[in-house]
Amino acid sequence: MVSNISDEVSRYNGDVGLYIKDLKSGRTFHHNAKKRFVSASLIKVPIMVSAFQAIKDGKISLSTRVRYARKFRRGGSGHMKWAKAG
């Protein structure tokens, strides 16, 4: 796996920073782990955590559709900011 990730990173045309930790074994892999990067689109992480918690609680499933409503809009620069409701 490490060689596959390293190969992908070397082919990518841009800056890459990774830190991966196997929580069972404690083994880690990192690439540019100490380099600073501008954060972007991090809102997706807590949204994903919330969605997985709702799945675990039986409130929704992976196939549940969510209708996009104007009330969901937040600041930022992504394309969803300008998407039509519905």
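Residues numbered from 1 in each chain as written. Predicted model: local features only at pLDDT ≥ 70, side-chain atom pairs only at ≥ 80, totals over all residues. Heavy atoms only, no water.

A.B. asks: So what exactly am I meant to see when it comes to the overall build of the protein here?
C.D. replies: When its secondary structure is counted, the protein shows two helices and two strands. Along the protein, from the amino end to the carboxyl end, the secondary structure elements read α-β-β-α. Out of the 86 residues belonging to the protein, those deemed buried represent 7%. Accessible area of the protein: about 8300 Å², with a carbon and sulfur share of 56%. Measuring between centres, the 18 positive side-chain charges of the protein sit 15 Å from its 5 negative side-chain charges. (Helix = DSSP H or I, 4+ residues; strand = E, 2+ residues; numbered from the N terminus. Buried < 20%, exposed > 50% of the residue type's maximum accessible area, 1.4 Å probe, protein only. Areas by Shrake-Rupley, 256 points an atom, 1.4 Å probe, with all protein chains shown as cover. Lys, Arg positive; Asp, Glu negative; His and termini not counted. Charge placed at Lys NZ, Arg CZ, Asp CG, Glu CD.)

A.B. asks: For this particular structure, what's the right way to read the pairing of strand β2 (residues 28-31)?
C.D. replies: Consecutive side chains along a regular strand alternate between the two faces of the sheet. In this sheet, β2 lies alongside strand β1 (residues 18-21) in antiparallel orientation, the contact comprising four bridges. What sits directly across from L18, in β2, is H31. A loop of six residues connects β1 with β2, the two strands running antiparallel in sequence, and G26 in this loop sits at a positive phi of about 85 degrees. (Pairing = 2+ DSSP bridges.)

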